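Structure at a glance
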Number of protein chains: 2
Amino acid sequence: MQKKLIEVCYTPADYAYFKGKFEIVVVIDVLRATSAICSAINNGVNSVIPVSTIEEAKDYQKKGYLVGAERQGEIVEGFDFGNSPYSYMKPELKGKDIVLSTTNGTRAINIAKEAETVVIGALTNLDVLCEWLAKQDKNVVCLCSGWKDNFNLEDTICGGAIAENLLRTGNFASNEDSSVAAKYLYLTAKDNYFGFLKASSHRRRLKKLNLNEDIKFCLTPNQMDVIPVLRNDRIEKLKY
Amino acid sequence: MQKKLIEVCYTPADYAYFKGKFEIVVVIDVLRATSAICSAINNGVNSVIPVSTIEEAKDYQKKGYLVGAERQGEIVEGFDFGNSPYSYMKPELKGKDIVLSTTNGTRAINIAKEAETVVIGALTNLDVLCEWLAKQDKNVVCLCSGWKDNFNLEDTICGGAIAENLLRTGNFASNEDSSVAAKYLYLTAKDNYFGFLKASSHRRRLKKLNLNEDIKFCLTPNQMDVIPVLRNDRIEKLKY
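Now for a look at the structure at hand. Owing to the predicted nature of the structure, the values given are computational and were not obtained by experimental measurement.

1. A closer look at the overall build of chain A
Scanning chain A from terminus to terminus reveals 9 helices and 11 strands. Taking 240 residues into account, the globule formula puts the C-alpha radius of gyration at 18 Å, and chain A, at 16 Å, falls close to it. When its C-alpha atoms are laid out on the principal axes, chain A stretches across 50 × 35 × 30 Å. Across chain A, every contact between residues at least 6 apart in sequence was considered, and the portion connecting residues at least 24 apart equals 77%. If you sum the accessible surface of chain A, you get close to 9500 Å²; carbon and sulfur atoms cover 45% of it.

2. Remarks on helix 8 (residues 201-208) of chain B
Among the residues making up helix 8 of chain B, those that are buried are S201(B), H202(B), R203(B) and L206(B). In the core, the buried residues of helix 8 of chain B are packed alongside helix 6 (177-189) of chain A together with helix 5 (153-168), helix 7 (193-196) and helix 9 (212-218) of chain B. Just past helix 8 of chain B, the residue N210(B) takes up positive phi, approximately 60°.

3. With respect to the relation of the copies chain B and chain A
The operation relating the two chain copies consists of a rotation about an axis and a shift along that axis. The two copies are related by a screw motion: chain B maps onto chain A through a turn of 180° and a shift of 0.0 Å along the axis, at an RMSD of 0.0 Å. Taken together, these values place the two copies in the relation of a two-fold axis. Minimal C-alpha separation from the rotation axis in chain B is found for L185(B), amounting to 3.5 Å. Counting the interface residues of chain B, we find that 100% of their copies in chain A are interface residues as well, pointing to one common contact surface.

4. Details of empty space enclosed by the protein
All names here are of chain A. Tallied over the full model, the rule gives 5 cavities of 30 Å³ or more. Empty space within the largest cavity amounts to approximately 120 Å³. Of all the secondary structure elements, the ones that give two or more residues to the lining of the largest cavity are strand 1 (4-9) and helix 6. Residue classes in the lining of the largest cavity are distributed as 7 nonpolar, 5 polar and 5 charged.

5. Regarding the packing of helix 4 (residues 126-136) of chain A against helix 5 (residues 153-168) of chain A
All names here are of chain A. Axis separation between helix 4 and helix 5 bottoms out at 10 Å; the angle between their running directions is 45°. Put simply, helix 4 runs oblique to helix 5. In the packing of helix 4 onto helix 5, the handedness of the crossing is right-handed. Counted together, L126, L129, C130, L133 and A134 of helix 4 and C158, A161, I162, N165 and L166 of helix 5 form the full contact between these two elements. For the contact of helix 4 with helix 5, a count of residues per class yields 9 nonpolar, 1 polar and no charged.

6. Quick look at the pattern of salt bridges
Residues and elements named next belong to chain A. Throughout the structure, instances matching the rule amount to 16 salt bridges over all chains. Here D214 ties to R32 by a salt bridge, and the two come within 2.7 Å at their closest N and O atoms. Remark: R32 occurs in the loop between strand 2 (24-28) and helix 1 (33-42) and D214 occurs in helix 9 (residues 212-218); sequence separation between them is 182 residues. With a relative accessible area of 3%, R32 lands in the buried category.

7. Things to note about the side chain of N110(A)
Residue and element names in this part refer to chain A. Relative to the helices and strands, N110 is located in helix 3 (residues 105-112). Residue classification places N110 among the buried residues on the basis of a relative accessible area of 19%. Reaching out from N110, the side chain makes a polar contact with the side chain of K113 at a distance of 3.3 Å.

Procedures and definitions
Residues numbered from 1 in each chain as written. Chains lettered and ligands numbered in written order. Predicted model: local features only at pLDDT ≥ 70, side-chain atom pairs only at ≥ 80, totals over all residues. Heavy atoms only, no water. Helix = DSSP H or I, 4+ residues; strand = E, 2+ residues; numbered from the N terminus. Rg over C-alpha atoms; globule rule 2.2 N^0.38 Å. Contact = heavy atoms within 4.5 Å. Areas by Shrake-Rupley, 256 points an atom, 1.4 Å probe, with all protein chains shown as cover. Buried < 20%, exposed > 50% of the residue type's maximum accessible area, 1.4 Å probe, protein only. Least-squares fit on C-alpha atoms with pLDDT ≥ 70 in both. 1 Å grid on protein atoms, 1.4 Å probe; cavity = no way out; pocket = protein on both sides within 12 Å on 5 of 7 lines; lining within 4 Å. Points joined across faces, edges and corners; volume = space filled by probe spheres on them. Nonpolar A, V, L, I, M, F, W, Y, C, P; charged D, E, K, R; others polar. Axes fitted to C-alpha atoms, helices over the stretch in contact; angles between N-to-C directions. Parallel < 35°, antiparallel > 145°, perpendicular 65-115°, else oblique. Left-handed = near helix turned anticlockwise from the far one by under 90°. Salt bridge = Lys/Arg side-chain N within 4 Å of Asp/Glu carboxyl O. Polar contact = N/O pair within 3.5 Å; in protein donor to acceptor, adjacent residues only side chain to side chain.

Structure, rendered in structure tokens:
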């Protein structure tokens, strides 16, 4: 059997090189967009509509949607919430369709959307996602959201975790140096994400904003068994 | 004393983010352009003129220069040599001005050239370069040549080695995740570059071309004590 590919793309800026070659794209923004989306779907939110710009987010707000909007780690003024996963765990959101726009994560989702399948990855849904990916017999690329088109440590480690898991099945191979490096970084970090990521620039950025609880939550693997999937421009719960 | 910055930029495509903020740029293309340049300068070549395009290289050839040109790992037809370090160790090159154009390395040098100081880094001149950088009291960015604007393992490890060396002096700091990751990758690789880089895509590419001797040479640290420096569009020996 021909092995399938598992690769890690570090930023949306690098994605042109990978685009079109992979049936499944896993979009990752550990701190905090994809962790928040997993929490929302796990909480029973019907769908999350990812939008790239604040203008689109405002248009949805005018139509009566609940809208989360974050830039530079902070809630954008006038919106209902930012991208703290805790905001998406509220009981009143169950069954609702909500809208989300973030600095990096929703942009990555929109860049990926021409792929056959786009799923949402985070450390919080790591194992269930890897198990599902392993069964698909498709080529997989992890698209890290990065920070303004720059490499980011926590997304790369999550991508490396997915790569390492799939490579271990024996049915996948990685050809790109970025994937090999991500796997090694994951192996270095895996016994203590929180300690390892002390050095992460975005963690420092969020810590300044007193978001340590959010960070701890986002760096705690396997808290939920949902796989959010993009369908017709909305993120829903994958039935698997 | 304010600490100076040491950062690692993975590819020329990422360099826009770093440009202008660092007095010293270290250009790295371990396999093989910057390793070849170190060998040339160590061999007593008077200067290496880096040119980006084959057309420029041909113009120099018409003027009587010896010209090296490499694309995709192979010598471009009609030129005197490619970018094997061994080609630059020949006694007849001593005192000459030679020209070099490569797939990634010379492009990175030309992108960096607006910086105050551009020096050439490789594993072969690692320690002497780090000692010199540590004494300058300047901000340093390592510009990895990558492979066609993609992340590459061997250049990142070399950048990580420089970062780790400078951070250890206590006079430098890294703010970017790319630098932190490069340092960790170096620490994972440092006891066995050759083994670690078995997984490197470019090493596989060169091995197919029977360039294993070149690879071994380029991955053997501290073989020479030269620091090539860019001055008036020519790379010469830095007097330090």
